[in-house]
Amino acid sequence: MDSDELADRFDRLARSTLRRVTAYCLRRTDESAAHDAVSEVYAVAWRRRRQLPDDDHQALLWLLGVARNVLANQARSQRRWLRLLRRAAERAVAAPVFDTGVADLDAALAELSEGDREVLRLAYWDDLSHDDIADHLGITPGAVATRLHRARQRLRPHLTALDHAPHDSEGKLAHARR
């Protein structure tokens, strides 16, 4: 099929399956998350339109499988986000407040390139596998491993520098008062 035929087929398929995919998602999550999931399902389907089954029923089943994976990813992301918030809340009580108002990790990440921040976020915030990151970035899993290693290496000195920065008796950065 040429690209116009693929686009037309995708359009027909999306129109015929949208209601069922939306209902599937709505039965499994709240309305806002369901609409986000449906959008992601059709984005995945568009990117992989050459892999869509020819039979419309099989294509619907394929879309529902994608929806299941998207919803699972959303749930994992939500759980990670809640864990991160809990850890941040626990740390906020115990950690000193700096005059800069910036958390150590945020400050260290800000020193990195956008590419380094992205690969670290995908791996540690989004908890994606090397294969998933590779698919997302359009690179090989080996390149993901290399980029992650290098990004961690570049992040380490920034965290160490912040950890060893001089603090006064109140736990504030000494240089922030000058």
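Scroll up for the structure.
Parameters at a glance
- Residues numbered from 1 in each chain as written.
- Predicted model: local features only at pLDDT ≥ 70, side-chain atom pairs only at ≥ 80, totals over all residues.
- Heavy atoms only, no water.
- Helix = DSSP H or I, 4+ residues; strand = E, 2+ residues; numbered from the N terminus.
- Buried < 20%, exposed > 50% of the residue type's maximum accessible area, 1.4 Å probe, protein only.
- Contact = heavy atoms within 4.5 Å.
- Core = buried A, V, L, I, M, F, W, Y, C linked by side-chain atoms within 4.5 Å.
- Axes fitted to C-alpha atoms, helices over the stretch in contact; angles between N-to-C directions.
- Parallel < 35°, antiparallel > 145°, perpendicular 65-115°, else oblique.
- Left-handed = near helix turned anticlockwise from the far one by under 90°.
- Salt bridge = Lys/Arg side-chain N within 4 Å of Asp/Glu carboxyl O.
- Patch = residues over 30% accessible without salt bridge, like charges linked within 9 Å, V, L, I, M, F, W, Y side chains within 5 Å.
- Areas by Shrake-Rupley, 256 points an atom, 1.4 Å probe, with all protein chains shown as cover.
- Phe/Tyr/Trp six-rings, centres within 6.5 Å; stacked < 30°, edge-to-face > 60°.

Asks: If you had to explain the overall build of the protein to someone new, which residues and values would you point to?
Replies: The number of helices and strands found in the protein is eight helices and zero strands. The order of α-helices and β-strands along the protein, N terminus first, is α-α-α-α-α-α-α-α. Going through the 178 residues of the protein one by one, you find that 27% of them count as buried. Within the protein, residue pairs in contact and separated by at least 24 positions form 60% of the contacts whose partners lie at least 6 positions apart.

Asks: Which residues make up the nonpolar core, and what are the values?
Replies: By size, the foremost hydrophobic cluster in this structure holds 22 residues, and its most contacted members are Phe-10, Val-21, Tyr-24, Cys-25, Val-41, Tyr-42 and Leu-63. Of all the secondary-structure elements, those providing two or more residues to this core are α1 (3-26), α2 (31-47) and α3 (56-94). Looking at this core element by element, the count peaks at eight residues for α3. The contacts of Phe-10, once residues within four sequence positions are left out, are Tyr-42, Ala-45, Trp-46 and Leu-52.

Asks: A description of the packing of helix α5 (residues 114-125) against helix α6 (residues 130-137) should follow, citing residues and the corresponding values.
Replies: The geometry of a pair of packed helices is captured by two quantities: the angle between their axes and the separation between those axes. Where α5 meets α6, the closest approach of the two axes is 10 Å, and the angle between their N-to-C directions is 140°. Classed by the angle they form, the pair α5 and α6 counts as oblique. In the crossing of α5 with α6, the sense of the turn from one axis to the other is right-handed. Contact residues: Glu-118, Val-119, Leu-122 and Ala-123 in α5; Ile-133, His-136 and Leu-137 in α6.

Asks: Pulling in residues and values, what's your account of the environment of Asp-36?
Replies: On the secondary structure map, Asp-36 appears in helix α2. Using a relative accessible area of 47% as the deciding quantity, one classes Asp-36 as partly exposed. Separated by eleven residues in sequence, Asp-36 and Cys-25 place their C-alpha atoms 9.4 Å apart.

Asks: If you had to explain the pattern of salt bridges to someone new, which residues and values would you point to?
Replies: Applying the stated criterion to the full structure yields eight salt bridges. With a shortest N-O distance of 3.1 Å, Arg-15 and Asp-11 are connected by a salt bridge. With Arg-15 and Asp-11 both in helix α1 and four residues apart, the pair spans about one turn of that helix. Overall, Asp-11 belongs to the partly exposed group, its relative accessible area being 36%. Across the pair Arg-47 and Glu-40 runs a salt bridge whose closest N-O atoms are separated by 3.6 Å.

Asks: If you had to explain a nonpolar patch on the surface to someone new, which residues and values would you point to?
Replies: A cluster of nonpolar side chains, namely Trp-81, Leu-82 and Leu-85, defines an oily patch on the protein surface of about 290 Å² accessible area. Inspection of the secondary structure assignment puts Trp-81 in helix α3.

Asks: Describe the packing of aromatic side chains, listing the residues and the values that go with them.
Replies: Inspection of every chain in the model, using the stated rule, returns two aromatic pairs. Ring geometry for Phe-10 against Tyr-42: centres 6.4 Å apart, planes inclined by 75°, an arrangement best described as edge-to-face. Highlighted residues: Phe-10 in helix α1 and Tyr-42 in helix α2, separated in sequence by 32 residues. Exposure remark for Tyr-42: the relative accessible area of 12% places this residue in the buried category. Pairing Phe-10 with Trp-46 gives two aromatic rings, centres 5.1 Å apart and planes at 75°, and the pair type is edge-to-face. Of this pair, Phe-10 sits in helix α1 while Trp-46 sits in helix α2, placing them 36 residues apart in sequence.

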